[in-house]
There are 2 protein chains.
Amino acid sequence: MAVRPDRSVASGTIAWTQVRDEIRARGLRWTAQRRRILEVLEATRGHVTGSELVERCRERDPATTPSTVYRTLDVLEELGYLSHSHSAAGREEFHVMPEAEHAHLQCRVCGRTWELDADEAESVVDPVARSHGFAADLGHLTILGRCAVCVSAEAAEPRLPA
Amino acid sequence: MAVRPDRSVASGTIAWTQVRDEIRARGLRWTAQRRRILEVLEATRGHVTGSELVERCRERDPATTPSTVYRTLDVLEELGYLSHSHSAAGREEFHVMPEAEHAHLQCRVCGRTWELDADEAESVVDPVARSHGFAADLGHLTILGRCAVCVSAEAAEPRLPA
DNA sequence: CACGCTATCGCAACACGTAGCGATAAGAGG
DNA sequence: CCTCTTATCGCTACGTGTTGCGATAGCGTG
Ligand SMILES: [Mn+2]
Ligand SMILES: [Mn+2]
Ligand SMILES: [Zn+2]
Ligand SMILES: [Zn+2]
C-alpha cells in the first residue's frame, strides 16, 4: 500500500520539499503543524516512538496536539516516508526513512536491539514465502528472544549463587 | 524465565487444581478473583486479548477490576500457563496453554492469521540463531504481511477499474 | 483577490493498560 | 481457632494513543 518514492537526497534524511509537493499533489494540505513535524523528523536518527515525537514537537511549539502528530505520522507512513515496527513492549517505533528495509532482533533480558539487513531478513521469511506464498513485511518484523550474551550468562549462573 | 510444568490433561485445557497448587507452593495466594479468571480461561479457546478476558470475567462478576485481571495474567504467563504474541495493531493476544509453541502469520489486508508449527517456526529463526546466536521466542513471533490470496488479488486489480 | 470545498485542526471523551497506595484477607504457624 | 506476615485487592491517577465533532484554514478556481 505504502508507496516508496524515489529520493535524490542522502539516505536517512527527509527531503521535506518533496514531501510538501507530494502532499499537495494528492489533494492533501501542507500546514504549519505538518511542517513542524517534518522538521522534527529531519533532526531525528534511528528509532523513535510517537510520544517522543510529540515531546520534540512540543519543544518547538508547546501548543502541539498529540492527535495531530499521530495523524500526520499515519499520513507519512502511508506515503512511504516512515515505517514502524514494535518494541518488546508492543509500542510502535518509527523509522525515519531507513536507508534500506530492515528487520529487528530484540533481547528481552538486556533490551538491546540489532538490525537485520534486507538479505538476512529475507532469509528469515523465505520459508513462509515458499510454503504459504506469504509476502512478509520485513520492516515491521521484530524477533524477540535472548541474545547470545544473555543466553551464556544464564548458562553460567543457573541459580542464585547461595 | 517462564517455566512450563508437565501436565496430565488434554492439550488446550488448564488444570486449575494444578495452578492452585503451584501458586500456593510459590508462596502466592489462591483467591476468588484468580479462581474466576481461571474459570474464564478454561472456557476459552485460541487467542484472546486482555480486555476480552476482563469482559468475560465481568459477565460472571460485574465487580471485576481490570488491574486484577491483568496482574493475574502476568502471573500465569510467568508460571508458563499462558503466552502472548501481538496482533497487527500491537495489542497483546494471549494463548491459553497452546498444545505446542507456535508462531503466527497475519495478513494486513484481510486480517486472517495462520499458525506456524514449531518446526516451521524453527526454520524461520534458524538464520538468526546461526549468525547471531540469538535464541528467538517463537511463541511471541508474529510475521505481518500479505497472504497469497491478497497478493494475487492485488496483481489482478492493479488500479481501480474505471 | 475573493469564493467555496473540504482536509485538517484542537478539543474532549474514550479505550486499554500500568503503577502506587492503603486496606483486606490468604494461609502458615502456634 | 488466633495471630502475624505480606500477597493481593480495589481505587485512583497516569501514559499512550484513537476517535468523533464542530471550527478553521489550505488551496484550487474564477
Ligand atoms: Mn510482547
Ligand atoms: Mn504495527
Ligand atoms: Zn541480551
Ligand atoms: Zn490476506
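Coordinates for the structure precede this section.
Residues numbered from 1 in each chain as written. Chains lettered and ligands numbered in written order. Predicted model: local features only at pLDDT ≥ 70, side-chain atom pairs only at ≥ 80, totals over all residues. Heavy atoms only, no water.

## Let's talk about the protein's contact with DNA strand C
Around DNA strand C sit 18 residues in total, of which Gln 33, Arg 34 and Thr 68 of chain A together with Trp 30 and Tyr 70 of chain B are the nearest. When the atoms of DNA strand C within 4 Å of the protein are sorted by group, sugar and phosphate make up 72%. Contact distances for DNA strand C include 2.9 Å between a base oxygen and a side-chain N or O atom of Arg 29 of chain A. The side chain of Arg 29 of chain B places a nitrogen or oxygen atom 3.1 Å from a base nitrogen of DNA strand C. Residue assignment for the surface near DNA strand C shows that the elements contributing at least two residues are α2 (32-42) and α4 (66-79) of chain A together with α4 (66-79) of chain B. Taken together, the residues that form the surface near DNA strand C break down as three nonpolar, eight polar and seven charged. (Near = heavy atom within 4 Å. Polar contact = N/O pair within 3.5 Å; in protein donor to acceptor, adjacent residues only side chain to side chain. Helix = DSSP H or I, 4+ residues; strand = E, 2+ residues; numbered from the N terminus. Nonpolar A, V, L, I, M, F, W, Y, C, P; charged D, E, K, R; others polar.)

## A word on the coordination of the zinc ion (ligand 3)
Six octahedral donors around a metal ideally subtend angles of 90 or 180 degrees, whereas four tetrahedral donors ideally subtend 109.5 degrees. All names here are of chain A. Bound to the zinc ion (ligand 3) on the protein side are Cys 107 (SG), Cys 110 (SG), Cys 147 (SG) and Cys 150 (SG), at distances that span 2.2 to 2.4 Å. In this structure, the zinc ion (ligand 3) is coordinated by four donor atoms arranged in tetrahedral fashion, with angles at the metal of 105 to 116°. Within one chain, the residues serving as donors to the zinc ion (ligand 3) are arranged as C-x2-C-x36-C-x2-C. Here Cys 150 lies in helix α6 (residues 148-156) and Cys 110 lies in the loop between β4 (103-107) and β5 (113-116), a separation of 40 residues in the sequence. (Donors = N, O, S within 2.8 Å, 3.2 Å for Na, K, Ca; no water. Tetrahedral: all angles 85-135°; square planar, octahedral: opposite > 155°, others 65-115°.)

## Some remarks on the sheet that holds strand β3 (residues 92-96) of chain A
Strand order in the open sheet made by the three strands is β1-β3-β2 (chain A), with antiparallel pairing throughout. Two strands lie at the open edges of the sheet, namely β1 (47-48) and β2 (82-86) of chain A, each paired on one side alone. (Pairing = 2+ DSSP bridges.)

## Some thoughts on empty space enclosed by the protein
Remark: the empty space left among the atoms is shown by a probe the size of a water molecule rolled over them. A full pass over the atoms with the stated rule returns two cavities of 30 Å³ or more. Volume-wise, the largest cavity comes out at about 190 Å³. Forming the walls of the largest cavity are 14 residues, and the residues nearest its centre are His 86, His 140 and Thr 142 of chain A together with His 86 and Thr 142 of chain B. Mapped by element, the contributors of at least two residues to the lining of the largest cavity are β7 (142-146) of chain A together with β7 (142-146) of chain B. Looking at side-chain class alone, the lining of the largest cavity contains five nonpolar, nine polar and no charged residues. If you add up the space inside the second largest cavity, you get close to 50 Å³. Looking at the second largest cavity, the residues that line it are His 47, Ser 85, His 86, Ser 87, Glu 93, His 104, Leu 105, Gln 106, Thr 113 and Thr 142 of chain B. Listing elements by their share of the lining of the second largest cavity, those giving two or more residues are β2 (82-86) and β4 (103-107) of chain B. Among the elements that make up the lining of the second largest cavity, the one with the highest residue count is β4 of chain B (three residues). For the lining of the second largest cavity, the class distribution of residues is one nonpolar, eight polar and one charged. Lining the lining of the second largest cavity are residues from two domains, each supplying at least three of them: domain 1 (5-96) and domain 2 (102-156) of chain B. (1 Å grid on protein atoms, 1.4 Å probe; cavity = no way out; pocket = protein on both sides within 12 Å on 5 of 7 lines; lining within 4 Å. Points joined across faces, edges and corners; volume = space filled by probe spheres on them. Domains from an automatic or database assignment.)

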